[in-house]
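Structural characterization, general
Chain by chain, the residues:
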Protein chains: 6
Amino acid sequence: MHLRVILPVLGDSLVEAVRAEVAHWAAPGTRFDVVTLARGTASIESEYDEALAGPGILERVAEAVEDGVDGVFVDCFGDPAVPAAREIAGFPVVGGFEPAVLTALSLGERVGVLTVLPNVVPMLRSLARRHGVETRLGAIEVVNVPVLGLDGEGEALVELLAARGREAVARGQADVLVLGCTGMLGVAEAVRARLADGGAPVPVVDPTAAAVTWLERAHRLGLRPSRTTYLEPPAKHRVP
Amino acid sequence: MHLRVILPVLGDSLVEAVRAEVAHWAAPGTRFDVVTLARGTASIESEYDEALAGPGILERVAEAVEDGVDGVFVDCFGDPAVPAAREIAGFPVVGGFEPAVLTALSLGERVGVLTVLPNVVPMLRSLARRHGVETRLGAIEVVNVPVLGLDGEGEALVELLAARGREAVARGQADVLVLGCTGMLGVAEAVRARLADGGAPVPVVDPTAAAVTWLERAHRLGLRPSRTTYLEPPAKHRVP
Amino acid sequence: MHLRVILPVLGDSLVEAVRAEVAHWAAPGTRFDVVTLARGTASIESEYDEALAGPGILERVAEAVEDGVDGVFVDCFGDPAVPAAREIAGFPVVGGFEPAVLTALSLGERVGVLTVLPNVVPMLRSLARRHGVETRLGAIEVVNVPVLGLDGEGEALVELLAARGREAVARGQADVLVLGCTGMLGVAEAVRARLADGGAPVPVVDPTAAAVTWLERAHRLGLRPSRTTYLEPPAKHRVP
Amino acid sequence: MHLRVILPVLGDSLVEAVRAEVAHWAAPGTRFDVVTLARGTASIESEYDEALAGPGILERVAEAVEDGVDGVFVDCFGDPAVPAAREIAGFPVVGGFEPAVLTALSLGERVGVLTVLPNVVPMLRSLARRHGVETRLGAIEVVNVPVLGLDGEGEALVELLAARGREAVARGQADVLVLGCTGMLGVAEAVRARLADGGAPVPVVDPTAAAVTWLERAHRLGLRPSRTTYLEPPAKHRVP
Amino acid sequence: MHLRVILPVLGDSLVEAVRAEVAHWAAPGTRFDVVTLARGTASIESEYDEALAGPGILERVAEAVEDGVDGVFVDCFGDPAVPAAREIAGFPVVGGFEPAVLTALSLGERVGVLTVLPNVVPMLRSLARRHGVETRLGAIEVVNVPVLGLDGEGEALVELLAARGREAVARGQADVLVLGCTGMLGVAEAVRARLADGGAPVPVVDPTAAAVTWLERAHRLGLRPSRTTYLEPPAKHRVP
Amino acid sequence: MHLRVILPVLGDSLVEAVRAEVAHWAAPGTRFDVVTLARGTASIESEYDEALAGPGILERVAEAVEDGVDGVFVDCFGDPAVPAAREIAGFPVVGGFEPAVLTALSLGERVGVLTVLPNVVPMLRSLARRHGVETRLGAIEVVNVPVLGLDGEGEALVELLAARGREAVARGQADVLVLGCTGMLGVAEAVRARLADGGAPVPVVDPTAAAVTWLERAHRLGLRPSRTTYLEPPAKHRVP
């Protein structure tokens with residue numbers, strides 16, 4: 001299977017870390033490449049950033065179509081441009097939110113989300129309603145670290161995430177936690193262990209891992225987006 | 001009040017008709033201008049078109065901020081880039097869906113929508129869920145005319161819309177109808193009259209009229225978007 | 001436009017304040033008069049009061065129909081007798097809840113309500129469910145001041161409202177606040193300013209202002225209640 | 001137990017039929033009386049009629065309080081003035097909708113309602129949403145017979161109700177039917193039998209029977225309305 | 001009426017207490033017997049226990065069918081095997097949850113539940129969603145006493161339940177309380193009185209009382225489960 | 001990975017077909033075995049059958065725990081005993097409904113289900129509500145073939161399924177279809193192709209394929225059921 005990871009930001013500073021993480025989760029038979037955007041923003045932390053990234057993402061999706069890939073991961077928790085991408089791709093496309101949250105639904109009653117900044121909380125509530133799963137959504141907690149600051153946090157980030165998660169579990173507002181930013185790389189297992197030690201035995205879903213394996217599975221199952229939901233866009237004049 | 005209408009498409013073919021319609025509905029004290037996009041698509045009929053239009057719209061919103069306008073109407077029923085625009089604007093911003101549907105909620109039990117192509121139906125269902133009003137949403141009917149073909153339809157369009165609306169009312173799936181494309185200019189009253197004659201006495205909401213007057217009213221009330229929902233985007237490197 | 005304000009209480013003690021407030025918000029071309037009830041209660045703070053006010057309100061609505069007015073504002077937050085009034089009026093009729101809450105939906109994610117007494121909290125939850133918008137309803141906070149005591153509170157009332165609002169915002173249960181009693185006259189802007197100073201930058205919707213301008217707008221748009229939802233009552237013997 | 005039946009209409013033409021029906025369903029130890037209104041309407045078929053009946057009903061409820069009754073049935077399907085009555089009564093009060101629909105929820109997946117005129121359909125949808133049970137509500141079908149015409153229909157009414165019910169069951173929109181007017185006296189069993197013969201083996205709930213026995217049961221269980229939901233109305237000047 | 005109480009546990013240690021409680025609530029004309037299981041568990045405190053009890057319960061239901069009883073109470077709050085029992089019984093069958101919660105819906109805005117162990121909280125949330133009444137469900141509080149320990153608690157149990165209930169009411173998450181275990185025998189009235197003394201004037205619903213009287217009422221009303229929801233199971237080879 | 005497939009029926013007649021299907025979908029590194037029940041029913045087509053199968057399934061789950069397997073597929077669409085199994089297993093357990101429906105949610109707007117008999121339709125609606133995804137559930141269509149008759153149908157079954165699916169898509173009540181019985185083995189792709197040819201270009205999800213790959217993925221991700229939702233059952237006397 002050929003998987004294209006579209007990291008929907010400018011610059012390559014995150015590429016190596018993403019490549020390592022995807023490599024960690026991808027199945028042996030999966031070939032993948034990671035691309036970034038020519039137009040967009042340095043990170044996505046608002047509806048504004050997300051909208052700016054749209055054409056840059058779709059440019060990369062169009063290339064993926066030409067390259068004959070089997071699936072695309074738009075590597076951002078807010079699922080930017082995902083419905084649009086499905087309209088032009090015959091193959092599965094996911095962002096970070098949908099595969100992680102749908103996975104979490106099978107693991108526990110209330111799905112809590114741990115994310116970066118207050119800015120994205122309303123976006124995530126909107127996404128949950130858009131998908132029709134808001135009655136299962138529990139707390140959304142923020143660690144108040146910007147996306148580009150996540151990298152340097154290491155152990156401190158694990159502690160912050162575990163602390164916020166523990167509170168949500170204690171208040172009865174989370175039975176399973178989802179890391180709500182695809183930049184929180186490689187910490188899910190450490191957060192889970194810390195929570196278990198602290199009396200909060202809940203699974204922690206890493207959105208990158210969830211997305212990569214979601215696409216591999218969809219590919220194996222031969223499932224493609226519905227053409228009565230994601231119809232091909234009518235042809236017209238476009239200036240991207 | 002200074003109102004900026006952003007027609008989120010390429011080319012000026014629709015500008016005069018929009019200007020006339022806005023002039024028809026705007027209050028005496030309202031000054032307005034209509035701008036189109038430098039980048040985007042000739043019309044918006046899919047999630048894809050909508051995503052491509054994002055940066056072009058936000059460019060115009062940023063100009064509106066600099067020009068000190070009092071409100072922005074993103075003149076498309078799908079509310080493209082509206083949450084993003086609210087993050088960077090201190091003033092009210094609406095698209096076509098939200099003011100028309102919220103208005104319709106006060107007029108009847110079930111809100112039906114008459115729109116252009118099957119492509120946009122899932123977008124509209126998603127929007128209704130995103131706003132949390134899906135239990136009041138009734139039928140979404142399509143006339144199967146593309147946006148750019150609406151203009152030449154005239155009387156035939158009125159008949160098509162009235163026919164689809166009549167069916168939705170007869171099945172008990174609409175008590176109030178919303179025209180689901182801002183390109184259906186100047187036909188609402190004729191559709192309403194045709195429906196009333198045909199035994200379906202329901203109001204018909206024109207999204208352009210609804211949006212322009214929604215903004216004027218918000219201005220008069222001094223209401224601006226919440227800064228706990230629409231936080232200012234964190235500063236960062238951007239290549240639009 | 002001719003607007004009739006029905007203050008659904010006995011006695012004229014509030015009339016001047018209401019007149020001033022409506023005058024403050026009404027458009028230049030709007031003519032209005034304020035009437036009170038011959039039968040009803042001194043204030044509305046329960047389902048009981050609301051039910052007692054019904055026939056008195058409908059009497060005034062019938063007069064408004066005869067007088068050929070263009071819209072009626074039943075000046076109470078609980079929307080007493082509003083569906084009934086729509087059945088007998090061909091023109092728009094609103095109370096305080098519906099225009100304020102629908103307006104608030106366009107301003108932020110969660111709508112909080114600041115109201116007078118615990119007695120009305122269940123009524124407001126019921127109203128939100130009745131309108132199908134309960135997933136967007138956040139906290140309902142009470143200041144524990146009866147309606148007829150609001151008048152003398154002045155600055156103290158502003159402080160109380162801001163304090164309750166600040167708590168709701170801090171708990172993440174309000175992104176926009178609605179004043180949940182039409183007797184909280186003329187304080188919305190002061191409450192908003194106090195909240196902004198206190199780190200809670202959220203809009204505050206005044207129900208009187210929202211209602212008056214909602215009706216003016218409906219009139220301009222030529223929108224009337226749906227006759228498949230609000231059918232004319234069948235003729236019959238009545239002893240009001 | 002002492003039960004007061006408030007038939008919320010003018011005139012005594014329905015009293016004997018109601019008395020017979022209540023006597024049929026009441027337990028041996030239940031004593032009851034039937035009263036009508038001094039003010040109100042000849043029948044209730046709209047929000048307007050319902051609002052006009054409010055004070056007349058509450059007058060009778062106040063008498064019931066003085067008379068020391070143990071429960072009140074407001075004998076109309078739309079539950080007129082029921083929340084208000086609970087505020088002033090320490091004992092259980094129900095209308096026709098709530099006990100019939102809550103009973104139906106335990107009998108089958110989708111609750112269909114058979115009612116009189118299109119006028120009341122939106123009222124019933126609103127009631128279902130108000131009670132938070134709208135996901136279980138199926139079809140609402142009308143027989144187009146006014147309340148005061150039900151009496152003379154006899155066998156024809158049974159046939160009409162069975163025909164509408166059969167259609168709702170066949171479309172998969174009803175697994176249990178509720179007679180949606182308390183004036184449809186004594187026909188539930190015949191409708192059920194007719195439906196069973198016609199291949200629609202669903203229970204049919206009579207609202208009068210449901211209400212009378214609901215109150216008897218509440219009395220036996222010693223259950224009274226919550227005083228945090230139905231608080232006593234604050235004292236004030238009232239002109240009923 | 002002949003009522004069969006199926007206490008879905010092994011051993012007779014609870015039988016006498018159940019018999020006394022049922023006798024306390026049953027109407028004079030009701031004859032009842034209490035049976036326990038030949039296969040199952042000593043108490044039901046998990047989905048696991050509930051699943052193990054299934055065939056043992058259905059065995060007793062089949063006997064009840066043969067014995068020609070008029071109704072079955074599966075005496076456990078989680079409603080174990082109730083939908084299955086309805087498929088094979090022509091008569092009404094209830095557990096503890098459904099009659100208690102539907103009754104509570106008519107008494108107050110938010111239904112709180114007081115139950116035994118954290119283990120059953122997710123089961124109860126699932127049940128509320130299954131019945132479609134989750135928007136009315138408030139807090140679920142646990143006393144952390146296992147079912148088989150309830151018996152010896154007496155006054156201490158009343159105090160525990162009242163304390164948990166008081167907190168839920170104070171937080172605005174309960175207006176009516178349901179005892180969430182049918183083993184909390186004979187304490188409802190004492191809990192209610194304690195709560196009223198402590199400023200929380202809310203009704204308390206005993207699930208045994210609610211169930212017994214629900215069945216008596218269904219019998220009197222001649223209501224049986226819908227055969228389009230609870231169809232007879234197709235014949236086949238079975239090894240129970 | 002070691003996967004245990006529990007075919008929750010008596011007799012081995014379906015084992016070979018299941019084994020072939022699982023082998024078809026399982027990843028190279030997956031080892032699996034298929035077991036049937038010692039107690040239960042010949043097929044599961046009702047709540048009754050499902051309840052009877054409970055202890056037999058849990059017996060097999062307990063063996064799976066002892067055998068140290070990595071995941072269990074309870075091979076029936078109704079997810080029998082799945083929550084109970086999660087309580088006693090530390091590893092992932094799924095039935096047919098949950099993985100298929102969660103997968104379908106990512107493929108299109110409305111999820112339609114094609115199933116065997118009318119008997120199971122209410123079970124599936126209940127399951128959708130239990131999972132909180134009912135707003136995305138579209139039509140449930142039945143082919144009226146019992147589970148044990150599916151095997152011999154071959155091409156006729158494909159045609160039946162495609163016909164029912166086509167109707168649901170045409171009515172706008174399905175954008176993605178789920179085969180609603182795990183006995184519909186090996187037909188999903190043929191149904192999809194038939195639908196595409198007939199103008200209904202929607203994906204078709206096979207529940208066996210969805211479940212097997214869901215478990216493999218959960219294993220790879222190291223995700224286990226939440227212990228705050230699925231707590232270990234308290235120890236007690238049990239007679240299975």
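Rules behind the numbers
Residues numbered from 1 in each chain as written. Chains lettered and ligands numbered in written order. Predicted model: local features only at pLDDT ≥ 70, side-chain atom pairs only at ≥ 80, totals over all residues. Heavy atoms only, no water. Helix = DSSP H or I, 4+ residues; strand = E, 2+ residues; numbered from the N terminus. Rg over C-alpha atoms; globule rule 2.2 N^0.38 Å. Buried < 20%, exposed > 50% of the residue type's maximum accessible area, 1.4 Å probe, protein only. Lys, Arg positive; Asp, Glu negative; His and termini not counted. Charge placed at Lys NZ, Arg CZ, Asp CG, Glu CD. Core = buried A, V, L, I, M, F, W, Y, C linked by side-chain atoms within 4.5 Å. Contact = heavy atoms within 4.5 Å. Buried area = accessible area lost by both parts, 1.4 Å probe. Salt bridge = Lys/Arg side-chain N within 4 Å of Asp/Glu carboxyl O. Polar contact = N/O pair within 3.5 Å; in protein donor to acceptor, adjacent residues only side chain to side chain. Nonpolar A, V, L, I, M, F, W, Y, C, P; charged D, E, K, R; others polar. Pairing = 2+ DSSP bridges. Domains from an automatic or database assignment. Right-handed = clockwise from strand over helix to strand, strands pointing away. Least-squares fit on C-alpha atoms with pLDDT ≥ 70 in both. Phe/Tyr/Trp six-rings, centres within 6.5 Å; stacked < 30°, edge-to-face > 60°.

1. A closer look at the overall build of chain A
Per the secondary structure count, chain A includes nine helices and 10 strands. Its C-alpha atoms give chain A a radius of gyration of 17 Å, near enough to 18 Å, the size a compact globule of 240 residues would have. Within chain A, buried positions represent 68% of all 240 residues. Counting 22 positive and 31 negative side-chain charges, chain A places the averaged centre of each group 6 Å from the other.

2. Looking at the nonpolar core
Counting 139 residues, the largest nonpolar core has L161(D), M184(D), V205(D), L161(E), M184(E) and V205(E) as the members making the most contacts within it. The contact partners of V205(E), leaving out residues within four places of it in the chain, are L223(D), A100(E), A104(E), L107(E), V176(E), L177(E), V178(E), L179(E) and A210(E).

3. Thoughts on the interface of chain A and chain B
Contacts between chain A and chain B engage 43 residues on the former and 43 residues on the latter. Contact between chain A and chain B buries roughly 3500 Å² in total, counting both sides, with carbon and sulfur atoms accounting for 62%. Seen at the junction of chain A and chain B, the total is eight salt bridges. Residue D49(A) pairs with R238(B) through a salt bridge whose shortest N-O separation is 2.5 Å. Between the two partners, chain A and chain B, sit 22 residue pairs in polar contact (both at pLDDT 80 or more). At the level of secondary structure, the elements contributing two or more residues to the side of chain A that touches chain B comprise β3 (40–41), α2 (47–66), α3 (82–88), α5 (121–131) and β10 (238–239) of chain A. Of the residues forming the side of chain A that touches chain B, the biggest block, eight residues, is contributed by α2(A). Of the residues in the side of chain A that touches chain B, the class split is 20 nonpolar, 12 polar and 11 charged. In this sheet, strand β10 (residues 238–239) of chain B lies alongside β3(A) in antiparallel orientation, the contact comprising two bridges. When the sheet's bridge partners are listed, G40(A) is paired in β10(B) with V239(B).

4. As for the domain arrangement of chain A
Residue and element names in this part refer to chain A. Assigned domains within chain A: domain 1 (2–95 + 209–221) and domain 2 (97–207). Across the boundary between the two partners, domain 1 contributes 26 residues, which contact 28 residues of domain 2. Overall, the association of domain 1 and domain 2 removes approximately 2100 Å² of surface from exposure, summing both partners, and the carbon and sulfur fraction of that is 65%. Together, E45, F77 and W214 form the three largest contributors to the area buried by domain 1 at its contact with domain 2, with a combined 36%. Summed over the shared surface of domain 1 and domain 2, the result is one salt bridge. Residue R86 is joined to E98 by a salt bridge in which the shortest nitrogen-to-oxygen separation is 2.5 Å. Our count for the contact surface shared by domain 1 and domain 2 stands at 11 residue pairs in polar contact (both at pLDDT 80 or more).

5. Some details on unusual backbone geometry
With a phi close to 60 degrees, N144(A) is a non-glycine residue in the positive phi region. Looking at the element boundaries, N144(A) is found in the loop between β7 (137–142) and α6 (147–150). A relative accessible area of 51% means that N144(A) is categorised as exposed. For D79(C), which is not glycine, the phi dihedral falls at a positive 55 degrees.

6. Points about the pairing of strand β2 (residues 31–35) of chain B
Residues and elements named next belong to chain B. As paired strands, strand β1 (residues 2–6) and β2 are joined by five bridges and run parallel to one another. Each bridged residue has a counterpart across the sheet, and for I6 the counterpart in β2 is V35. Where the polypeptide runs from β1 across helix α1 (residues 15–25) and back to β2, its parallel neighbour, the crossover connection is right-handed.

7. A few points about the relation of the copies chain B and chain C
Note on the identical chains: chain B maps onto chain C by a rotation of 180 degrees and an axial translation of 0.0 Å, with an RMSD of 0.0 Å. With respect to symmetry, the two chain copies, as superposed, fit the operation of a two-fold axis. Most of the interface of chain B is mirrored in chain C: 100% of its interface residues are interface residues there too.

8. Observations regarding the packing of aromatic side chains
Enumeration according to the criterion identifies nine aromatic pairs over all chains in this entry. On the numbers, 5.5 Å between centres and 65 degrees between planes, the contact of F77(A) with F97(A) is edge-to-face. Here F77(A), found in the loop between β4 (71–74) and α3, pairs with F97(A), found in helix α4 (residues 97–105); they are 20 residues apart in sequence, far enough to count as distant. What makes F97(A) buried here is its relative accessible area of 2%. Taking 5.8 Å as the distance between ring centres and 75 degrees as the angle between the ring planes, the aromatic pair formed by W214(A) and W214(F) counts as edge-to-face.

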